[in-house]
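What follows is each chain in one-letter form.
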Protein chains: 2
Amino acid sequence: MTVQEVLNVMSEKGLRITEQRKTLAELFVNTTSQLTAKQVHSFLSQTYSGLSFDTVYRNLRVLTEMNVLEQFVFEDGMKFKLHCSSEEHHHHLICLQCEKTFPLHYCPMEEVKHLSHDFEPVKHKFEVFGYCKDCK
Amino acid sequence: MTVQEVLNVMSEKGLRITEQRKTLAELFVNTTSQLTAKQVHSFLSQTYSGLSFDTVYRNLRVLTEMNVLEQFVFEDGMKFKLHCSSEEHHHHLICLQCEKTFPLHYCPMEEVKHLSHDFEPVKHKFEVFGYCKDCK
DNA sequence: TTTTATGCAAAAGTTTTGCACTGAC
DNA sequence: GTCAGTGCAAAACTTTTGCATAAAA
């Protein structure tokens, strides 16, 4: 997904394109790792010195609601990344060192459905943490 | 795991057995769902009216550190449950209605190891949410 | 010009910390 | 009697909300 595509989605949904939002879009398009609100704020602060946290939170929330970003829960708080455009359902390998994410085109739910007859699965979380080929 | 076994672990590690901690042990031994600090506080408050939140948090942390409890991260905060005594590595089916958990003796990591040669897995999260046979 | 986005200030929610006092051993 | 546990108060941290002003369309 390009910066322009992200901005188009925002426009189509009636959002206004501010300088901050452009930079925010660039940040997420160029990052494969999952970012905390704090990290996003730090990054944007380099350009917009008076940037407030509430604006960051508001934009992260709005972008998550319109499916541009995806939200994940971790021990150290919520993290955000660009919503995977891949048509196919998949999961992620997440590097503990560089924090980059790599798509894993495998889902264990087929197997689970065979094993759990008394339970009706609705959703699931599956994430693998470890070291990528550059970091291991 | 029985209440007495939990208390024994606490004693062995040098913790003192207070009335509150006895009740806390009973709560977790009798609950298969994952509880938030808030829920634990509510429950214990029924018996100990002046109960403070910091004591609840302290005890949850101490019990987690000595592996009596297990900690999970969710959208609505940390949750705790008795550490699974099962020898075998497993995951959980979690009911969205009654919040009970059911062991799932299946782990997708064997499959993942075959698929991801460039990535060295260290740990993983796998949880299935849905409706149990009583709730569906 | 109209309406949305932003910054500021403050609040709400969760978790942690320091300290004096109480209670377990 | 000694040391750990508790309650209280306050702080730290993350996220949210209300309102006046600034900026996008």
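This text gives an overview of the structure that appears in the document.

The rules we used
- Residues numbered from 1 in each chain as written.
- Chains lettered and ligands numbered in written order.
- Predicted model: local features only at pLDDT ≥ 70, side-chain atom pairs only at ≥ 80, totals over all residues.
- Heavy atoms only, no water.
- Near = heavy atom within 4 Å.
- Polar contact = N/O pair within 3.5 Å; in protein donor to acceptor, adjacent residues only side chain to side chain.
- Helix = DSSP H or I, 4+ residues; strand = E, 2+ residues; numbered from the N terminus.
- Nonpolar A, V, L, I, M, F, W, Y, C, P; charged D, E, K, R; others polar.
- Core = buried A, V, L, I, M, F, W, Y, C linked by side-chain atoms within 4.5 Å.
- Buried < 20%, exposed > 50% of the residue type's maximum accessible area, 1.4 Å probe, protein only.
- Contact = heavy atoms within 4.5 Å.
- Buried area = accessible area lost by both parts, 1.4 Å probe.
- Salt bridge = Lys/Arg side-chain N within 4 Å of Asp/Glu carboxyl O.
- Pairing = 2+ DSSP bridges.
- Axes fitted to C-alpha atoms, helices over the stretch in contact; angles between N-to-C directions.

The next thing to look at is the protein's contact with DNA strand C. Near DNA strand C, the surroundings consist of 20 residues, among which A:Arg16, A:Arg21, B:Arg16, B:Ile17 and B:Tyr57 are the closest. The sugar-phosphate backbone supplies 62% of the atoms of DNA strand C found within 4 Å of the protein. Note that a base oxygen of DNA strand C is positioned 2.4 Å from one of the side-chain N or O atoms of A:Arg16. The contact in question runs from a phosphate oxygen of DNA strand C to an N or O atom on the backbone of B:Ile17, over 3.0 Å. Only helix H2 (19-29) and helix H4 (53-65) of chain A together with helix H4 (53-65) of chain B provide two or more residues apiece to the surface near DNA strand C. Taken together, the residues that form the surface near DNA strand C break down as five nonpolar, six polar and nine charged.

Now for the nonpolar core. All names here are of chain A. In this structure, Met10, Phe28, Val40, Leu60, Leu63, Val68 and Leu69 are the most contacted members of the largest nonpolar core, which totals 24 residues. Elements with a minimum of two residues in this core: helix H1 (3-12), H2, helix H3 (37-47), H4 and strand S2 (77-82). Those residues in contact with Val40 that lie beyond four places of it in its chain are Leu24, Leu27, Phe28, Leu35, Val56 and Leu60.

Quick look at the interface of chain A and chain B now. On the side of chain B, 35 residues touch chain A, which itself brings 35 residues to the contact. Roughly 3,100 Å² of surface becomes buried between chain A and chain B when both sides are summed, with 69% attributable to carbon and sulfur atoms. Three residues stand out in chain A for area buried against chain B, namely A:Tyr106, A:Phe119 and A:Lys125, and they jointly supply 22% of the buried area on that side. Taken together, the connections running from chain A to chain B amount to two salt bridges. Counting across the interface, chain A meets chain B through 13 residue pairs in polar contact (both at pLDDT 80 or more). Elements with a minimum of two residues in the side of chain A that touches chain B: strand S1 (69-74), strand S3 (91-95), strand S4 (101-104), helix H5 (109-115) and strand S5 (120-131) of chain A. It is S5(A) that contributes the most residues to the side of chain A that touches chain B, 12 residues altogether. Broken down by class, the residue content of the side of chain A that touches chain B amounts to 22 nonpolar, four polar and nine charged.

A few words on the sheet that holds S3(A). If you trace the six strands from one edge of the open sheet to the other, you get S4(A)-S3(A)-S5(A)-S5(B)-S3(B)-S4(B), paired in mixed fashion. Edge positions in the sheet fall to S4 of chain A together with strand S4 (101-104) of chain B, since each has one partner strand and no second. Neighbouring strand axes in the sheet, compared pairwise and without regard to direction, differ in orientation by 25° on average. Two elements, S3(A) and S5(A), share four bridges in a ladder whose sense is parallel. The residue bridging A:His92 from the neighbouring strand is A:Glu127, located in S5(A).

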